[in-house]
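Tertiary structure, described
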Amino acid sequence: MTIGVFDLFSVGIGPSSSHTVGPMRAAQRFTARLRENGSIFKVNRVKAELFGSLGATGHGHGSPNAVLLGLEGHRPESVDPVAGAQRVGEIEGSGLLRLGGDHVLPFDGARDLVLHRRKSLPEHPNGLRFTATGNDGGELDSAVYYSVGGGFVVDEGAVGADRVKADETTVPMPFNTGAELLLRCEDADLPISGVMLANELSWREESAVRAGLLDIWRVMRECVDNGCGNTGELPGGLKVRRRAAELAAALTDQDDPMEWVTLFALAVNEENAAGGRVVTAPTNGAAGIVPAVLHYYARFVPGADEDGVVRFMLTAGAIGVLFKENASISGAEVGCQGEVGSACSMAAAGLAEVLGGTPSQVENAAEIAMEHNLGLTCDPIGGLVQIPCIERNAVASVKAITAARMALRGNGTHFVSLDKVMKTMRETGRDMKVKYKETARGGLAVNVIEC
Ligand code: SF4
């Protein structure tokens, strides 16, 4: 296993992990590389090209702005969304970019930031190429990166060798399949969260794991609070009205858990669509589901506490690792089943564990949740992460709770294993036409007129 829970839950900005967070990381990484190889101050021009799904829907996902901020050295986990937007306006107004934050050079967006709507790079639907040239027009450096979902970025050399992430850490309880995960639990007599925690200790101490996860939980809560406070229309031109604040006001004297879960998810995904600070869980498009179900746990499950929050996230993380390693969490690779489906499955598993489920029941919860997201296409209207994404997160959050409760009613034995569902998801994604994979060229994206 090469992925840890903090790879799956990371703080970033909206609206898209693959189209905003990943491109910012790629641009920042290129800038860091120029600094490392000593050429940054010789650069006279830098050009960024976006391909495939990034080229087709990048404008709606804020990819150009993310690239500009990344070239200036910003990172998704620390960039201030409001100040970042202002800075992009300054770059466009002045025609000057601060490469790496300290090397000023002319930048003409029309010439230097190109979105190829119909061209793709060979290895992945989300490709970026950066080229730096010197005063004499000669190329100083060039690099290709792929944003492979969930904010993960690999460079050209890593594709194929390890499409996930180059991390050679050896963990004590490795697992690559759901069956192996259950075996680890049985052998060590641990819950799924216990196996995941044992592996996390390869990277950091238990107190740091706990503090880190509780900090992620804090950002999730802030995101819900922000979403419940902000009103108006979402950016991008679709004129989608934010609903969470109104719903929050309407629910103050009501205690229907499903209404609240819907609210929590809407709040997060509206913040995401507005380019706000969110937790990638495991992607931005599906960022509302894990927080909504965690809020359900914290608010409606008697005895809920911080230990439970940590166990929930570790369990959800273990399921996320399986999806990342065996199928995909990228809408551009396998459609929305990879984003909303994976998040739904992770949340169902997390909830099942903190409600007292055995490892088999938790695996069953993850399986049920994914089984009923199979085949879900990615067809965002206008290429914006708004319709169907925002409501889809709310529906999937309720589905995750239902899946957990169904699994807890059984004894853990079930007909379809999580491994079989993941295999089906991978194959369905492979068969899915490209137009349904985050290109905004199929489904709702072409059947609803933008106004
Ligand atoms: S439809 Fe699903 S995969 Fe596509 S952008 Fe929306 S949430 Fe992401």
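Residues numbered from 1 in each chain as written. Predicted model: local features only at pLDDT ≥ 70, side-chain atom pairs only at ≥ 80, totals over all residues. Heavy atoms only, no water.

Quick look at the overall build of the chain
Scanning the chain for helices and strands turns up 19 helices and nine strands. Computed over its C-alpha atoms, the radius of gyration of the chain comes to 21 Å, within 12% of the 22 Å expected for a compact globule of 451 residues. Dimensions of the chain, computed from the C-alpha atoms along their principal axes, are close to 70 × 50 × 45 Å. Per-residue burial over the chain gives 58% buried out of 451 residues. For the chain, long-range pairs separated by at least 24 residues make up 76% of all intrachain contacts whose partners lie at least 6 apart in sequence. A total accessible area of about 17500 Å² is found for the chain, and carbon and sulfur atoms account for 50% of it. Considering the chain, the positive charge centre built from 42 side chains and the negative charge centre built from 55 side chains are found 6 Å apart. (Helix = DSSP H or I, 4+ residues; strand = E, 2+ residues; numbered from the N terminus. Rg over C-alpha atoms; globule rule 2.2 N^0.38 Å. Buried < 20%, exposed > 50% of the residue type's maximum accessible area, 1.4 Å probe, protein only. Contact = heavy atoms within 4.5 Å. Areas by Shrake-Rupley, 256 points an atom, 1.4 Å probe, with all protein chains shown as cover. Lys, Arg positive; Asp, Glu negative; His and termini not counted. Charge placed at Lys NZ, Arg CZ, Asp CG, Glu CD.)

Topic: the packing of helix α2 (residues 17-36) against helix α3 (residues 52-61)
Two packed helices can be described by the angle between their axes and the distance between those axes. For the pair α2 and α3, interaxial distance at closest approach is 9 Å and the crossing angle is 95°. Judged on the interaxial angle alone, α3 and α2 are roughly perpendicular. In contact with S18, H19, T20 and P23 of α2, α3 contributes S53, L54, T57 and H61. Grouping the constituent residues of the contact of α2 with α3 by class yields two nonpolar, six polar and no charged. (Axes fitted to C-alpha atoms, helices over the stretch in contact; angles between N-to-C directions. Parallel < 35°, antiparallel > 145°, perpendicular 65-115°, else oblique. Nonpolar A, V, L, I, M, F, W, Y, C, P; charged D, E, K, R; others polar.)

A closer look at the UniProt feature "domain: Serine dehydratase-like alpha subunit" (unreviewed entry) in the chain
Per the UniProt annotation, the sites labelled "domain: Serine dehydratase-like alpha subunit" (unreviewed entry) are residues 189-445. Along residues 189-445, the helical share is 62% and the strand share 2%, with 48 Å between the first and last C-alpha atoms. (UniProt positions renumbered as here; feature names shortened; annotations may be inferred.)

Quick look at the site of the ligand
What surrounds the ligand is the set G285, C336, E339, C378, D379, C389 and R392. Class assignment of the residues belonging to the shell around the ligand gives a composition of three nonpolar, one polar and three charged. (Near = heavy atom within 4 Å.)

As for unusual backbone geometry
Of note, the amide linkage connecting A281 to P282 takes the cis form, showing an omega dihedral of -5°. Relative to the helices and strands, P282 is located in the loop between β9 (277-280) and α12 (289-300). Each neighbour pair has its own omega, and for I387 with P388 the value is 15°, a cis peptide bond. Relative to the helices and strands, P388 is located in the loop between α16 (359-371) and α17 (389-409). Backbone geometry places K239, a non-glycine residue, at a positive phi of 60°. The topology assignment puts K239 in the loop between α9 (206-229) and α10 (244-250). Owing to a relative accessible area of 56%, K239 belongs among the exposed residues under this scheme.

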